[in-house]
Amino acid sequence: MPAQKPPARATNPVLPGFHPDPSICRVGDDYYLVCSSFEYFPGIPVFHSRDLVNWRQIGNVLDRPEQLRLPASMPSSGGIYAPTLRHHNGRFWLIVTNCSEGGGNLIVTATDPAGPWSDPIRAPGVPGIDPDLAWDEDGTCWCTVAGVSQIRIDPSTGQTYGTPHELWSGAPGAKAPEAPHLYRIGDHWYLLIAEGGTERGHGVSIARGRTPTGPFEPCPANPVLTHRGTDHPVQNTGHADLVQGPDGSWWMVLLGVRPRGGTPGWHVLGRETFLAPVTWEDGWPVVGEVALDLSTLPWPLSPAPAEERHDDFELNELGPAWISVRDRPAELCTTEERPGWLTLHARGGSLDEPDVVFAGRRQQHHSCRARTLVDATQGRGGLAVRLDERHHYVIEAAGTEVRVIARVGSLRTVVAERSVPAGPVTLAVTLTDPPPPHGPCTGPDTVCLGIEAADGTFTQLAALDGRYLSTEVAGGFTGRVIGLYAAAGAVHYDWFDYEPLDD
Ligand code: 6LW
């Protein structure tokens, strides 16, 4: 890895914000990583890095409607779960479960991970979620799934052979043995799994055997990684994948969360991707600290890639970080109708509907500000902090009226209303630490929603407790996404700006 100018940051999480279930592979000096995307379209973000710390999104695997159709009825946290990315025989292979109706396990391939990826090959004989692909020395491919069981597969056709074979399910009695990955390392085959559930009990365990089909002997030090019952600032650590660097070093990517506030601790950015060093002792991996500060890594880091934080909507297409709920029909979400503006046409009645026309980006910093200039003279829409269709705060414009609406579970309330002059208005949301004093009941953050005058003066209309937009309250597998939507008519956005205030 050549020396380059110092990076802007060397910190965990290496992919902050809603980036769960990381799967990684390396080709030469290049690492590629993918994550789950659930109800969002395009699906499965793909990242590239040379140093495992600075990642740049190079595309999305499922970015064509023919590859991913999520039904209108699908609730949040359905859809695309837990991909595995591998490189074999000069191609990238990705297997993933579409947990929505009519979905199932799918395989796609590409020669360039930036795309295009093939149309999906269905693999109906794969017996569960969290599928993994691993190739034996003779080219036989094994697909291993949560549970943990395994079946032989031809990944080029999706055809499976024989009946599923139980492998090893982690600690006796531990819940949710899942996220298996199978590797040939030295003289052994290693079966890495997550167990204990994706909440505070999450952990990573490993077993080894002489063949890819077992039998598997558990590592005496299992779980090789867990933060359960600790004060570590990163919790829920699990769902991991291993990778070896070109220098022979080993690394683990894993998911974790950063709970904030009083008890029980609320995480609002979803499950994020972290990096940990791995060493080997007696043929078993030893996972190092999941450190927030990665500046002691043993190699020169790449410069941090420029991030998409301001969008003037001057291009025909939205960049790869933009995600929509369920789908993004070109006629409902376009930068071509009014050049230099993003136009959204409403389909459902509000952000409470699973088929809302929405485009946003992941909230990646605990403290941040998002703003947009909206023209809602022909419709109703605005700026949202969205966890799911039942948990979101919005500041919405319609003609000369601006309203703040809070949706929390089955409650929906207009929190504030204000008249504004006719014409475009700047809507703003600022997310910050809750004001002191802090105690056991303090929430994770405060969400301030308001309008900004032409001279930059901010008028706050509401300050809401962020706990109601946390996974501990809402449930599910995603994290906050901040974005734009249309609830009625046509709504035009001149620009969108996302600005980190800390981290
Ligand atoms: C995924 C499972 C998990 O299928 O959560 O944390 C599920 N791990 O492996 C959804 O991401």
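It is worth spelling out the nonpolar core at this point. Core analysis: the largest hydrophobic core is formed by 41 residues, its most contacted members being Leu342, Ile395, Val402, Val429, Ile482, Leu484 and Phe496. The element best represented in this core is strand S36 (residues 481–500), accounting for seven residues. When near neighbours in sequence (up to four residues on either side) are disregarded, Val429 contacts Cys368, Arg369, Ala370, Leu383, Val385, Val447, Cys448, Leu449 and Ile482.

Next up on the list: the sheet that holds strand S19 (residues 235–244). If you walk across this open sheet you meet the four strands as S19-S20-S21-S22, and the pairing is antiparallel. The strands lining the two open edges of the sheet, one partner per strand, are S19 and strand S22 (284–287). Sheet twist, expressed as the mean angle between neighbouring strand axes with direction ignored, is 35°.

A few words on the site of the ligand. The environment of the ligand is made up of 14 residues, and the closest members are Asp21, Asp130, Thr198, His239 and Arg271. Separating an oxygen atom of the ligand from a side-chain N or O atom of Asp130 is a distance of 2.5 Å. Between a nitrogen atom of the ligand and a side-chain N or O atom of Glu178, the distance comes to 3.3 Å. Surface burial for the ligand is 98%, taken as the share of its 300 Å² of free accessible area covered by protein chains. Those elements giving two or more residues to the shell around the ligand turn out to be strand S6 (80–88) and strand S14 (178–185). Tallied by class, the residues present in the shell around the ligand amount to seven nonpolar, three polar and four charged.

Once that is clear, we can look at the domain arrangement of the chain. Its domain assignment divides the chain into domain 1 (23–287) and domain 2 (310–500). Placing the centre of domain 1 and that of domain 2 at their C-alpha centroids yields a distance of 32 Å. Counting each side, the surface lost to burial between domain 1 and domain 2 is near 3,000 Å², with a carbon and sulfur contribution of 56%. Per-residue buried area on domain 1 facing domain 2 is highest for Tyr40, Trp266 and Val268; these three make up 26% of the total on that side. One can count three salt bridges joining domain 1 with domain 2. Linking Arg260 and Asp433 is a salt bridge whose minimum nitrogen-to-oxygen distance equals 3.0 Å. At the level of elements, strand S3 (40–41) and strand S5 (56–62) are the ones that each hand at least two residues to the side of domain 1 that touches domain 2. It is S5 that provides the largest number of residues to the side of domain 1 that touches domain 2, a total of three residues. Each residue belonging to the side of domain 1 that touches domain 2 can be placed in one class, and the counts come to 14 nonpolar, 12 polar and five charged.

This part is about the sheet that holds strand S11 (residues 141–145). Read across the open sheet, the four strands follow the order S10-S11-S12-S13; overall the sheet is antiparallel. The open sheet has two edge strands with one neighbour each: strand S10 (132–135) and strand S13 (159–166). Pairs of neighbouring strands in the sheet enclose a mean axial angle of 25°, with direction left out of account. With five bridges connecting them, strand S12 (residues 149–154) and S13 associate as antiparallel partners.

Space left empty within the atom packing is revealed by a probe, the size of a water molecule, rolled over the atoms. There is about 610 Å³ of room inside the second largest pocket. Lining the second largest pocket are 23 residues, and of these Pro42, Asp63, Glu317, Leu318 and Arg328 lie nearest its centre. Elements that contribute at least two residues to the lining of the second largest pocket include exactly S5 and strand S25 (333–334). Looking at which element gives the most residues to the lining of the second largest pocket, the answer is S5, with three residues. A breakdown of the residues in the lining of the second largest pocket according to their chemical character gives 12 nonpolar, six polar and five charged. When residues of the lining of the second largest pocket are sorted by domain, at least three fall in each of domain 1 (23–287) and domain 2 (310–500).

Conventions we followed
Residues numbered from 1 in each chain as written. Predicted model: local features only at pLDDT ≥ 70, side-chain atom pairs only at ≥ 80, totals over all residues. Heavy atoms only, no water. Core = buried A, V, L, I, M, F, W, Y, C linked by side-chain atoms within 4.5 Å. Buried < 20%, exposed > 50% of the residue type's maximum accessible area, 1.4 Å probe, protein only. Helix = DSSP H or I, 4+ residues; strand = E, 2+ residues; numbered from the N terminus. Contact = heavy atoms within 4.5 Å. Pairing = 2+ DSSP bridges. Axes fitted to C-alpha atoms, helices over the stretch in contact; angles between N-to-C directions. Near = heavy atom within 4 Å. Polar contact = N/O pair within 3.5 Å; in protein donor to acceptor, adjacent residues only side chain to side chain. Areas by Shrake-Rupley, 256 points an atom, 1.4 Å probe, with all protein chains shown as cover. Nonpolar A, V, L, I, M, F, W, Y, C, P; charged D, E, K, R; others polar. Domains from an automatic or database assignment. Buried area = accessible area lost by both parts, 1.4 Å probe. Salt bridge = Lys/Arg side-chain N within 4 Å of Asp/Glu carboxyl O. 1 Å grid on protein atoms, 1.4 Å probe; cavity = no way out; pocket = protein on both sides within 12 Å on 5 of 7 lines; lining within 4 Å. Points joined across faces, edges and corners; volume = space filled by probe spheres on them.

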